[in-house]
Amino acid sequence: MEPIWKPQPVQTLALESECDEVLFGGAKGGGKSDVLLFGALRFIALPSYKALIVRRTFPRLKELIDRSMTFHALNGTYNRSEKQWKFPSGAQIVFGHCQNDGDELNYQGHQYHYIGFDQVEEFTENMFNIIAACGRKVDDIPVYIRCTANPGGVGKHWVKRRWIEGKEPNKIYATETSLNGKLILRKQVFIPSSIFDNKILLEKNPEYLAFLQKLPEKFRKMYLEGDFNTEDEPDQLITSELINNAKKHAKESAKLGDIYLGVDVARFGDDSTEIAFIMSNRLIKIETYKKLDINQISQIIIRKIREEKIKPFNIGIDTVGLGAGVYDIIKSNGFSVNEIVSGSSPITLRGDYYKFRNLRSQMHWHFREKLRTGIFSLGIEDSEFEEEALSVKYEISSEKMITIESKEDIKKRIGRSTNKHDAVVYACFVEIIQNNFRPHIY
Ligand SMILES: Nc1ncnc2c1ncn2[C@@H]1O[C@H](COP(=O)(O)OP(=O)(O)OP(=O)(O)O)[C@@H](O)[C@H]1O
Ligand SMILES: [Mg+2]
């Protein structure tokens, strides 16, 4: 019998990999979706085999389902309402999607031997972690996570961090990776593919290559070359270049100076409280505290004042939500720290060219200006902070009014709170608050 599908050489590399996780692709048209779909067939002769293929939205998932209709030739039976193929052995391939934050919980407790994420950069890291945790070994059938991606998308930073950054393509890395809150050793590989690896498409549809070649440079690099380093968006407040420059500046020797603290207090149960430490315009530390009540957080800050000799008015605390309680407790202990209310009016500063929607917009813009003018340096490596900084978007209206995306909107988009970045932004802004509201005492 003729096979229903034959892999092309790079596709074979991906299919034959024994790594726990493979990221395949980068560029467009490299045969990513086909690999993911037909790769799911590997063990369909085994009765207990179960595979899951996911896409973020249903309309895009439907394209994969339509392509899977060739499975009829393997005597598969498709159940439309369950979105599930059953093969004569009893093996199953199921299709799923995960559109909204929280939908990933619908997968909790399921078990699959093969989980294929098509365009994994469309998923938040939390969605990926929860769904990938369904790949649990329960019998002799190996468990494989297979993903495809293009540069960009809401997941661009975590995808890059997990499979690409600091790694060579096609080389296998055994990495300690967090899965469902547990650290486990996993073999991972990134196998690049591009339209040039897909001779069938080049022959069938040469216009597609012409279309990719005519894209503006930024998109041509992303989609034709699969370059994961060019994924900054036009409305991104802080670009990768600004972050990289801030890292380079940190190589210059540090000046001693006053330490400023920015405190972002957890607003919800599963959020963390972050305290950023800045000295002479250099980020020197971020402390993370989880599951603390307002008394405990207040005591930590009071200890910093008493024991680490941080000046109270060098501390800025976000007082939206639980932060208000923290601020009150610290004040009632006699320490006059700065209250930061993101939604309040901006501070009027002489010489400001722009107007700001609110204090939040002003603080974030001020931080970006520090990066842009090379004043600020990043003295620590913190990939979470960097990801958060890179995810903030902004708008400038025709009246030169700058609006920074709200914390809630960012959370909806990327699936987590930007607490570390906010703490750093507050710490940087404390000086401005001091200069405008308080006389210099020290
Ligand atoms: N081994 C193959 N045999 C036959 N056709 C193939 C093969 N691999 C890919 N193709 C065809 O090439 C086209 C592009 O492949 P595919 O959709 O898998 O690429 P992709 O990388 O997922 O593209 P996109 O970036 O648009 O999602 C499709 O029409 C697909 O069916
Ligand atoms: Mg595809």
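Residues numbered from 1 in each chain as written. Chains lettered and ligands numbered in written order. Predicted model: local features only at pLDDT ≥ 70, side-chain atom pairs only at ≥ 80, totals over all residues. Heavy atoms only, no water.

S.K.: Teacher, can you tell me more about the sheet that holds strand β15 (residues 355–356) here?
M.R.: In a beta sheet, neighbouring strands pair by backbone hydrogen bonds and run either parallel or antiparallel. Taking strand neighbours across the sheet as the criterion, the 3 strands line up as β15-β18-β17 in an open arrangement whose pairing is mixed. Bordering the open sheet on either side are β15 and β17 (394–396), each of which pairs with just one other strand. Sheet topology note: the β15/strand β18 (residues 401–404) ladder contains 2 bridges and is parallel. Note that in β18 the partner of K355 across the bridge is M401. Its contacts with the sheet put helix α12 (residues 359–372) on β15, β17 and β18, and the angle it makes with β18 is roughly 95°. (Pairing = 2+ DSSP bridges. Helix = DSSP H or I, 4+ residues; strand = E, 2+ residues; numbered from the N terminus. Contact = heavy atoms within 4.5 Å. Axes fitted to C-alpha atoms, helices over the stretch in contact; angles between N-to-C directions.)

S.K.: Is there a simple way to explain α12 in this structure?
M.R.: Residues separated by three or four positions in an α-helix point in the same direction, a consequence of the helix having 3.6 residues per turn. Look at α12: 20 Å from first C-alpha to last across 14 residues, which is about the 20 Å you get at 1.5 Å a residue. With respect to burial, α12 is a largely interior element, 12 of its 14 residues being buried. (Expected span 1.5 Å × (residues − 1). Buried < 20%, exposed > 50% of the residue type's maximum accessible area, 1.4 Å probe, protein only.)

S.K.: For this particular structure, what's the right way to read the sheet that holds strand β11 (residues 272–279)?
M.R.: Strand order in the open sheet made by the 6 strands is β14-β13-β10-β11-β12-β16, with mixed pairing throughout. Of all the strands in the sheet, just β14 (338–340) and β16 (377–378) have a single pairing partner and so form its edges. In this structure, strand β10 (residues 259–264) lies alongside β11, joined through 6 bridges in antiparallel fashion. Residue pairing across strands places G262 opposite A276, the latter belonging to β11.

S.K.: Help me understand the packing of aromatic side chains in this model?
M.R.: Given two aromatic rings, one states the distance between the centres and the angle between the planes to describe the pair. Going through the model one piece at a time under the given rule, you end up with 19 aromatic pairs. Consider the rings of F38 and F71, whose centres lie 6.0 Å apart with planes at 75°: the pair is edge-to-face. A residue pair is termed long-range when its members are at least 10 positions apart, and F38 in helix α2 (residues 32–39) and F71 in the loop between α3 (58–67) and β3 (77–79) qualify at 33 residues. The same class applies to F38 as to F71, namely buried. For the ring pair F367 and F376, a centre distance of 5.0 Å and an interplane angle of 75° mean the geometry is edge-to-face. For the pair F367 and F376, a shared accessibility class is recorded, and that class is buried. A network of ring pairs unites the aromatic residues W5, F38, F71, Y78, W85 and F87 as a single cluster. Just above the ring of W163 sits the side chain of R162; from NZ or CZ to the centre is 5.6 Å. (Phe/Tyr/Trp six-rings, centres within 6.5 Å; stacked < 30°, edge-to-face > 60°. Lys NZ or Arg CZ within 6 Å of the ring centre and 35° of its normal.)

S.K.: What am I meant to see in the site of ligand 1 here?
M.R.: Taken together, 18 residues lie near ligand 1, and K6, Q11, K32, S33 and R67 sit nearest. Within the side chain of Q8, one N or O atom sits 3.3 Å away from a nitrogen atom of ligand 1. Residue Q11 places a side-chain N or O atom 2.9 Å away from a nitrogen atom belonging to ligand 1. Elements supplying a minimum of two residues to the shell around ligand 1: α2 and α6 (199–204). For the shell around ligand 1, the element with the highest residue contribution is α2, accounting for 3 residues. (Near = heavy atom within 4 Å. Polar contact = N/O pair within 3.5 Å; in protein donor to acceptor, adjacent residues only side chain to side chain.)

S.K.: Is there a simple way to explain the pattern of salt bridges in this structure?
M.R.: Two side chains that carry opposite charge are able to pair once their charged atoms sit near each other. As enumerated under the stated definition, the model contains 30 salt bridges in all. In this structure, E386 engages K247 in a salt bridge whose closest nitrogen and oxygen atoms are separated by 3.1 Å. One end of the pair, E386, is in helix α13 (residues 383–391); the other, K247, is in helix α9 (residues 240–249), with 139 residues separating them in the sequence. Overall, the relative accessible area of 23% leaves K247 in the partly exposed class. Here E405 ties to R413 by a salt bridge, and the two come within 2.7 Å at their closest N and O atoms. Looking at E405, the relative accessible area reads 16%, which means it is buried. Given the relative accessible area of 23%, R413 is considered partly exposed. Where salt bridges share partners, they join E125, R161, E387, E388 and R416 into one cluster. (Salt bridge = Lys/Arg side-chain N within 4 Å of Asp/Glu carboxyl O.)

S.K.: In this structure, what is going on with the packing of helix α1 (residues 9–16) against α2? I would like to understand it.
M.R.: A pair of packed helices is characterised by two quantities: the angle between their axes and the separation of those axes. Interaxial distance between α1 and α2 falls to 10 Å at its minimum, and their mutual angle equals 40°. Classed by the angle they form, the pair α1 and α2 counts as oblique. Taken as a pair, α1 and α2 cross one another with a handedness that is right-handed. Residue-level inspection shows Q11, A14 and L15 of α1 in contact with α2, the latter providing D34, V35 and G39. Classifying every residue of the contact of α1 with α2 gives 3 nonpolar, 2 polar and 1 charged. (Parallel < 35°, antiparallel > 145°, perpendicular 65-115°, else oblique. Left-handed = near helix turned anticlockwise from the far one by under 90°. Nonpolar A, V, L, I, M, F, W, Y, C, P; charged D, E, K, R; others polar.)

S.K.: Even after reading the chapter, I still don't get the domain arrangement of the protein chain, so can you show me in this structure?
M.R.: Accessible area lost during the coming together of the parts is what is often quoted as the interface size. Structurally, the protein chain comprises domain 1 (9–223) and domain 2 (240–437). Distance between the C-alpha centres of domain 1 and domain 2: 37 Å. Taken together, the contact between domain 1 and domain 2 spans 7 residues of the former and 8 residues of the latter. In total, domain 1 and domain 2 occlude about 670 Å² of area from one another, counting both sides; carbon and sulfur atoms represent 51% of this. When residues of domain 1 are sorted by the area they lose upon contact with domain 2, V154, H157 and R161 head the list and together hold 61% of the total. The tally of links between domain 1 and domain 2 comes to 1 salt bridge. One salt bridge connects R161 with E387, and the closest N-O pair in it is separated by 2.4 Å. Counting the contacts that link domain 1 with domain 2 gives 1 residue pair in polar contact (both at pLDDT 80 or more). (Domains from an automatic or database assignment. Buried area = accessible area lost by both parts, 1.4 Å probe.)

S.K.: What exactly am I supposed to notice about unusual backbone geometry here?
M.R.: For residues other than glycine, phi is negative in most cases, and the peptide bonds are mostly trans. Phi is positive for S280, which is not a glycine, with a value near 45°. Topologically, S280 is positioned in the loop between β11 and β12 (282–290). Backbone geometry places K400, a non-glycine residue, at a positive phi of 60°. Take K400: it is sitting in the loop between β17 and β18. On the basis of relative accessibility, which here comes to 33%, the residue K400 falls in the partly exposed class.

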